[in-house]
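Each chain is listed here by its residues.
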Amino acid sequence: MSHPSRRTVLTATATTAAALTLGAAPARAVPTLPGGTSQDKVLVVGMDGLRHDRIAAANAPHLKAMMSEGTYGTSLLYANPMAATSSGPGWSTISTGVWPDKHGVKDNTFAGKKYGQYPGFLARLTQVRPALSTYAAVDWLPLDTQGTITPGADAKLVLDGDRDGYTGHDATIAAEAEAIIKGQNPDVLFVYFGQSDIVGHNQGAGSQAYLDQIAVQDAYLGRLRAAIKARPSHATERWTVIVATDHGHTDPGGHGGSSVEERRTFVLATGPGIAAGARPIDTRLVDVVPTVLKQLGIPVDPAWGLDGKPIQERSADPFDTLQSSLTGRVDETGIPAGVLGFTHTPPSGWSLINNAMGTGGVTEWRGWSFATDEFWSRTQRDQSRELNVRARGVFAVADSDEWSDKSFSGNYDTTLVTPAYDVTGKTTVRLDFTTFYRQEGAQSAQILVSFNLGAPTAVKSYTSDVISQPQSVNVPVPAGASSVSFRFHYTGSNNWYWVIDGVKVTTS
Ligand SMILES: [Zn+2]
């Protein structure tokens with residue numbers, strides 16, 4: 001959960017942790033929650049700093065069972081300057097369902113948090129469905145004191161793992177949550193385990209100790225799953241279980257930075273309507289809250305400004321259809337050979353115009369490419385490519401900076417053309433998409449529209465940075481027009497980049 005600087009503190013407290021745990025106040029009575037009111041029930045389990053690519057090597061039968069029974073979506077986080085890959089931003093993103101540029105938490109100081117506008121999901125549930133019986137158990141104290149998770153919970157267990165050590169407190173959390181699921185009627189629970197992050201810091205994510213800790217927490221998860229199945233009313237209930245993490249870890253241990261290992265996150269969910277064995281490429285960490293709401297039958301108010309979507313809903317992004325044709329690196333050196341993440345072949349019906357494009361350069365980025373977050377952001381760290389948070393799966397990118405890293409001649413000039421869409425009898429055509437544009441020098445980025453295959457005219461230009469935002473362009477349909485297509489035209493000369501994703505054209 002911590003900045004690397006907290007390692008010292010954690011190591012110092014570790015020696016006294018056992019004594020403190022043993023000598024702690026008498027075991028508290030399990031709190032009594034108000035009676036539940038919903039047959040739809042949700043358990044969210046947070047495991048701090050859990051590198052998903054280490055689960056396979058661990059003795060983790062319950063996580064693996066959930067992967068086969070449910071849907072498992074891995075993705076990458078932001079990095080600075082949007083936010084550090086730390087617990088404050090990570091758990092805020094999970095709990096609020098929005099990215100750090102909205103919830104405002106950029107690091108573990110929580111300075112700038114906007115939980116008033118973007119509350120955690122238990123606080124949200126209290127507003128919209130106060131009759132739900134809710135419970136939260138955490139042992140990283142800021143999740144309570146900073147208001148990230150516990151506000152709105154009908155009952156909570158808050159322990160101080162930094163002071164006392166996490167091992168004993170995690171066990172206490174597992175036992176109390178198990179007792180409440182077995183003996184009471186909660187509707188929504190959030191249960192947090194922190195020791196995975198401590199072992200990650202102290203022994204590294206590459207260590208056997210880290211795998212052993214995954215096994216410990218997997219056993220806690222197994223007890224909670226068994227408690228759900230043992231409920232006398234289980235047959236008439238519809239339970240969803242979600243597991244997520246707030247950030248990854250380097251192999252030697254530590255996080256906060258921009259490496260892919262630190263940015264690794266996942267959302268794993270089982271429950272009604274959630275496909276078994278699915279591995280979607282379009283799941284992101286903001287999807288936990290919309291999944292919770294969907295499973296509880298609570299409609300999302302657009303005024304909440306949520307960034308996520310339920311894990312069972314696929315984005316209708318034409319670029320995601322390219323996943324199976326993505327290939328590995330050609331000229332790039334920073335991308336491991338096994339990472340399959342780019343193609344120049346557009347989706348069916350789309351086309352590229354590269355007749356004004358220079359020659360040579362880095363093959364991967366010669367003109368518009370279709371790429372994944374991991375492939376593109378591995379090209380060069382800390383040039384803000386990590387901030388592409390609102391793209392999902394495969395996106396289109398024009399990157400004159402990376403193209404120029406190999407001998408080339410001429411300018412970077414590339415156009416991406418959408419299919420033609422029917423506008424017969426319509427008055428307005430609307431283009432929705434997500435954009436990430438970083439401006440430099442004489443670079444240009446222009447959207448043009450063409451009706452009935454006529455001459456394209458500009459409808460929007462970008463001249464300053466747009467850091468991963470949804471966009472919407474409305475264009476009147478001329479009388480008699482029957483078809484429309486859009487063009488994304490980028491020019492540059494060793495400048496920055498332009499990302500387009502989630503293109504949707506609608507008419508009215
Ligand atoms: Zn940490």
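Residues numbered from 1 in each chain as written. Predicted model: local features only at pLDDT ≥ 70, side-chain atom pairs only at ≥ 80, totals over all residues.

Per an unreviewed UniProt entry, the chain carries the name Type I phosphodiesterase/nucleotide pyrophosphatase and comes from Streptomyces davaonensis.

### Points about the overall build of the chain
Filter applied, for reference: Helix numbers and strand numbers start at the N terminus; a helix is a DSSP run of H or I with at least 4 residues, a strand a run of E with at least 2. The reference for a compact globule is 2.2 Å times residues^0.38; the radius of gyration itself is calculated from the C-alpha atoms. Residues with at least 20 neighbouring C-beta atoms inside 10 Å of their own are called buried, those with 12 or fewer are called exposed, and the rest are partly exposed, where every C-beta is derived from the backbone. What counts as a contact here is a pair of residues whose C-beta atoms, placed from the backbone, lie within 7 Å.
Secondary structure assignment for the chain yields 14 helices and 21 strands. Against the 2.2 N^0.38 benchmark of 23 Å for 508 residues, the chain shows a C-alpha radius of gyration of 24 Å, consistent with a compact globule. Taken across its 508 residues, the chain has 52% of its residues classed as buried. Across the chain, the fraction of contacts at a sequence separation of at least 24, relative to all contacts at a separation of at least 6, is 75%.

### Here's the deal with the sheet that holds strand β8 (residues 342–343)
For the record, the criterion: The rule for pairing is simple: two strands pair if DSSP sees at least two bridges between them.
Spatial ordering of the open sheet is given by β8-β11-β12-β21-β16-β19, a layout of six strands whose pairing is antiparallel. Across the chains shown, the open sheet's two edge strands, defined by having one partner strand only, are β8 and β19 (466–476). Two strands pair when backbone bridges link them, and β8 and strand β11 (residues 369–372) are joined in this way by two bridges, in the antiparallel orientation. Opposite Thr343, over in β11, you have Phe370 as the bridge partner.

### A look at helix α2 (residues 61–69)
The criterion, for reference: Taken from the helix axis, the directions to the C-beta atoms give the arc we talk about.
Buried within α2 are the following residues: His62, Leu63, Met66 and Met67. Viewed end-on, α2 has its buried residues packed into an arc of 145°, placing them on one side of the element. Against the buried residues of α2 lie β2 (71–76), α10 (208–229), β6 (238–244) and β7 (264–270).

### Some thoughts on the packing of α2 against α10
Pairs of packed helices are described in terms of their axes, by the angle between the two and the distance that separates them. As a reminder of what qualifies: Each axis is a line fitted through C-alpha atoms, and for a helix only the stretch in contact is used; angles between axes span 0 to 180 degrees, taken between their N-to-C directions. Each angle gets one of four labels, with under 35 degrees taken as roughly parallel, over 145 as roughly antiparallel, 65 to 115 as roughly perpendicular, and the rest as oblique. Each residue receives one of three labels: charged for Asp, Glu, Lys and Arg, nonpolar for Ala, Val, Leu, Ile, Met, Phe, Trp, Tyr, Cys and Pro, and polar for the others, Gly being one of them.
Packing of α2 against α10 leaves a shortest axis separation of 7 Å and a crossing angle of 60°. Considering the angle they form, α2 stands oblique to α10. On α10, the residues touching Pro61, His62 and Leu63 of α2 are Asp218, Leu221, Gly222 and Arg225. Split into classes, the residues belonging to the contact of α2 with α10 amount to three nonpolar, two polar and two charged.

### Describing the sheet that holds strand β3 (residues 134–138)
On the basis of which strands lie adjacent, the open sheet formed by seven strands has the order β2-β7-β6-β1-β5-β3-β4 and mixed pairing. Strands at the two margins of the open sheet, each flanked by one partner only, are β2 and β4 (155–158). Averaged over neighbouring strand pairs, the angle between their axes works out to 10° when direction is ignored. The pairing of β2 with β7 spans six bridges and is antiparallel. Within β7, the residue paired with Tyr72 across the bridge is Leu268.

### As for the confidence of the model for the chain
Where the model shows low pLDDT, its predicted coordinates should not be examined in detail. So the rule is basically this: Here pLDDT means the predictor's own confidence in every residue, given as a number from 0 to 100.
Taken residue by residue, the chain gives an average pLDDT of 95. The fraction at 70 or more is 95%. Below pLDDT 50 for its whole length, residues 3–23 participates in 27 contacts with residues either more than four positions away or in separate chains.

### What to know about the pairing of strand β21 (residues 497–507)
Successive residues of a regular strand alternate their side chains across the two faces of the sheet. Pairing geometry for strand β12 (residues 394–399) and β21, over four bridges, is antiparallel. Residue pairing in the sheet places Val397 in a bridge with Val499 of β21. Relative to β21, strand β16 (residues 428–437) runs antiparallel, the two sharing eight bridges. Paired with Tyr437 across the bridge in β21 is Trp498.

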